[in-house]
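Descriptive analysis of the structure
These are the residues of each chain, in order.
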Amino acid sequence: MIKVNLSGCDSFVKDADLKNYKQKALEAYDILAAGNGAGNDFLGWKDLPDGTPEELIAQCEAVRDDWYGRGVNLVVVIGIGGSYLGARCALEALNHQFILPEDKPRIVFAGNNLSEDYLAEMMDLAERSNVACISISKSGTTTEPAVAFRIVKEHIEARYGKQEAAARIVAVTDAVKGALKTLSTQEGYRTFVVPDNVGGRFSVLTPVGLLPICVAGYDIRAMLRGAADAKKAVTVRSEDNPAIQYAAMRNLLYSELGKKVEILVSFNPRLTYLAEWWKQLFGESEGKDGKGIYPASATFTTDLHSLGQFIQDGSRCLFETTLKVEKAARSVVIGSDPQNLDQLNYLAGQHVEHCNSMAALGTKLAHIDGGVPQIEISMEKIDEYCLGEIFCFFEFACGVSAYQLGVNPFNQPGVEAYKKNMFALLRKPGYEEATKAILAKI
C-alpha cells in the first residue's frame, strides 16, 4: 500500500500548522467526495478502479490477441497529453530497459509533438515492421495527433489495403461524435470510448491507458486491482489517509513557506515517465487563476550530478517529494577486486540497491540540511498492481489538493492559447482576423 512519510518536513513546519492544513484538506476531500465542487462533471475517474466492466477488459484482450495472431510487432500509439502519458509511463516502468520483446509488439508513441525528424524516423521503423495503430483523440482534430494519424493511416492502407487496415487501426474516441468517431464508423475500425466524465489527465484507467498497456502484454486486471485497493485507503475520511497527508503538506509548504516548486524525484530510471505523467496531472489541475505549485522532476542519482547543486544550494523556492520503491525486481551484487584500484572493496558483497538506498538517505539528509523540505511516498515495487495503486493515489491527492488550493481541478483554459496562435500562423480557415493581429505583432 502507498505510504506517505512527512518526517522530512518536521524541521520546517509547526505541528499546529500541519493540523490546520490537514483539516483544510479534509474539507477539500468532502467537496471531492460529495461531487459538488467546480468541475464536478468530470469525476468519472473516481469509479474506474472498481467499476471497470469485465466486458471492456475482454475487448482490450481481444484486440491484443487478434494483433498477436496477425504477427504485429509494432504498435503506434497516437495521442498527446493525457492521451499518451499514462500508457507511456506504465510501459517505461514495466518494459525491460534494454532488450526489445520477442514475443510481444514494441509500442512507440506519436502525435505528442510536431517534429518532422521524429515522425520520419518513426516511419523508418514502421517500414521495417508489421504495424498496427491505436489512435487516441476525443475529437480527432487536435493538430499533433491528427497529423501523425494521417501519416500512419496512409502507410497502413498503402501497405495492407483498406480492408486489412480496418483490422489494424483501433480508435479510442468519443462515443457518438467527432472526426475520429465518424471516420471509424466509415472505415469499420474497432472503437473504444473515452468517457465524457473523465478528463484526459485522469484517463489512464480508461481504454486510453488500458488498451495500449494490454496490447503491450501487461496485466491490466492487476493494475485495476491495485487501483481498487488504493481507493479503499484514499477514500477514508481521516488525517491518516495518505492522499490527505500529501495534499495537506504540499499546500502548507506552498502557502505558509512560499515553496513554489515541487520536485518529484525517484532513484529508479524506470519511473522517469511516471514523473512526466504526474507533472501533467498536477500542472494542468492546479496551475490556474495565478496559483499553483510548479511541478518539476529529476531522476537520481543521475541528476544529482547536474541539478543537485541547485537543489542543495540554490534558491530556496522548492520542496522535494521522493518516490521510493521498497523492493528491487532484480539482484546485482558488487564483487571484490584484488587490486582495488577503484577503492570499492569496502562494498564487496553488497547489493547495488543497498548503495542506492544509502544514496537516497544521504541525499534526503543533505537536502534537509540545505533547507529543502522532504516528503516521501513509498510503493512496494514496480509492477502492474503497484502502478495501479500509485495512479489512484495521485489522482485522489490531486483532486483534494486542487480544491484545497481553491481552483477547479478539472479544466485547463490556458491550454488553448498556443493553439489559437498556431492556427492563425498556419492560416487555418476561420482564423483570418487572428492571423492579421499576430502578423502585426511580429
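The coordinates are above.
Residues numbered from 1 in each chain as written. Predicted model: local features only at pLDDT ≥ 70, side-chain atom pairs only at ≥ 80, totals over all residues. Heavy atoms only, no water.

Structural notes on the pairing of strand E5 (residues 169–173)
As a reminder, the rule being used: For each residue, the accessible area found with a 1.4 Å probe, counting protein chains only, is set against the maximum for its type, and the residue is called buried under 20%, exposed over 50%, and partly exposed in between. We count a stretch as a helix when DSSP gives it H or I for four or more residues in a row; a strand needs E for two or more, and each element gets its number in order from the N terminus. When DSSP finds two or more bridges between a pair of strands, those strands are recorded as paired. Crossovers are described as right-handed under a simple rule: with the strands pointing away from the observer, the path leading from the first strand over the helix to the second runs clockwise.
The buried fraction of E5 is high, at 5 of 5 residues. Relative to E5, strand E4 (residues 131–136) runs parallel, the two sharing 4 bridges. Opposite Cys-133, over in E5, you have Ile-169 as the bridge partner. Taken together, the 4 bridges between E5 and strand E6 (residues 190–193) define a ladder with parallel strand orientation. Pairing of Thr-173 across the sheet is with Val-193, part of E6. Since E5 and E6 lie parallel, the crossover through helix H8 (residues 179–187) that links them has a hand, and here it is right-handed.

Focus on helix H12 (residues 272–286)
Which entries qualify depends on this criterion: Multiplying one less than the number of residues by 1.5 Å gives the expected span of a helix. Note on definitions: a residue-residue contact is assigned when non-hydrogen atoms from the two residues lie within 4.5 Å.
Along its 15 residues, H12 runs 21 Å from first to last C-alpha, staying within 8% of the 21 Å computed at 1.5 Å per residue. Those residues of H12 lying buried are Leu-274, Ala-275, Trp-277, Trp-278, Gln-280, Leu-281, Phe-282, Ser-285 and Glu-286. On its buried face, H12 is in contact with helix H4 (85–94), helix H11 (242–257), strand E7 (261–266), strand E8 (294–299), strand E9 (318–325) and helix H15 (384–405).

Comments concerning the sheet that holds strand E3 (residues 106–110)
Two orientations exist for strands paired in a sheet by backbone hydrogen bonds: parallel and antiparallel. To keep things clear, this is the line we draw: Angular values range over 0 to 180 degrees, each being the angle between N-to-C directions of two axes fitted as lines to C-alpha atoms, with helices fitted over their stretch in contact.
Ordered in space as E3-E2-E4-E5-E6, the 5 strands form an open sheet in which the pairing is parallel. At either end of the open sheet lies a strand with only one pairing partner, and these are E3 and E6. Mean inter-strand twist for the sheet, computed between neighbouring axes without regard to direction, equals 20°. Together, strand E2 (74–78), E3, E4 and E5 form the strand contacts of helix H6 (residues 143–160), whose direction differs from that of E4 by roughly 150°. Contacts from H8 reach E4, E5 and E6, with the element oriented near 145° to E5.

Thoughts on a nonpolar patch on the surface
The following threshold applies: Each patch is assembled from residues with relative accessible area greater than 30% and no salt bridge, linking like charges that lie within 9 Å and nonpolar side chains (Val, Leu, Ile, Met, Phe, Trp, Tyr) that lie within 5 Å. Working definition of accessibility: Shrake-Rupley area with a 1.4 Å probe, residue cover restricted to the visible protein chains. Salt bridge, as used here: a side-chain nitrogen of Lys or Arg that lies within 4 Å of a carboxyl oxygen of Asp or Glu.
A cluster of nonpolar residues, Leu-114, Val-147 and Ile-151, forms a patch on the protein surface that exposes about 210 Å² of accessible area. When you line up the elements, Val-147 lands in helix H6.

What to know about the packing of helix H3 (residues 54–69) against helix H10 (residues 220–234)
Angle between the axes and distance between the axes: these two values describe a pair of packed helices. Put simply, the test is: Residues are sorted three ways: Asp, Glu, Lys and Arg are charged, Ala, Val, Leu, Ile, Met, Phe, Trp, Tyr, Cys and Pro are nonpolar, and all the rest, Gly among them, are polar.
Relative to each other, H3 and H10 sit at 145°, their axes nearing to 11 Å. Where H3 approaches H10, its residues Glu-54, Ile-57, Cys-60 and Glu-61 are matched on the opposing element by Ile-220, Arg-221 and Leu-224. By residue class, the composition of the contact of H3 with H10 is 4 nonpolar, no polar and 3 charged.

Regarding the packing of aromatic side chains
We count it as follows: Between 30 and 60 degrees the pair is tilted, below 30 it is stacked and above 60 it is edge-to-face, where a pair is any two Phe, Tyr or Trp rings, Trp via its six-membered ring, whose centres lie within 6.5 Å. For a ring to carry a charge above it, either NZ of a lysine or CZ of an arginine must fall within 6 Å of the ring centroid while also lying within 35 degrees of the normal to the ring plane.
Following the criterion strictly, the structure yields 16 aromatic pairs and no others. With 4.9 Å between their ring centres and 65° between their planes, Trp-277 and Phe-391 make a pair best called edge-to-face. Taken together, the positions of Trp-277 in helix H12 and Phe-391 in helix H15 put the pair 114 residues apart, joining distant regions of the chain. A relative accessible area of 2% places Trp-277 in the buried class. The cationic tip of Lys-24 hangs over the ring face of Tyr-21; the distance from NZ or CZ to the ring centre is 4.4 Å. Positioned above the aromatic ring of Phe-423, the side-chain terminus of Lys-428 is 4.1 Å from the ring centre.

Topic: the pattern of salt bridges
For the structure shown, the criterion picks out 25 salt bridges. Through salt bridges with shared partners, one network takes in Asp-66, Arg-70, Glu-164, Arg-168 and Arg-190.

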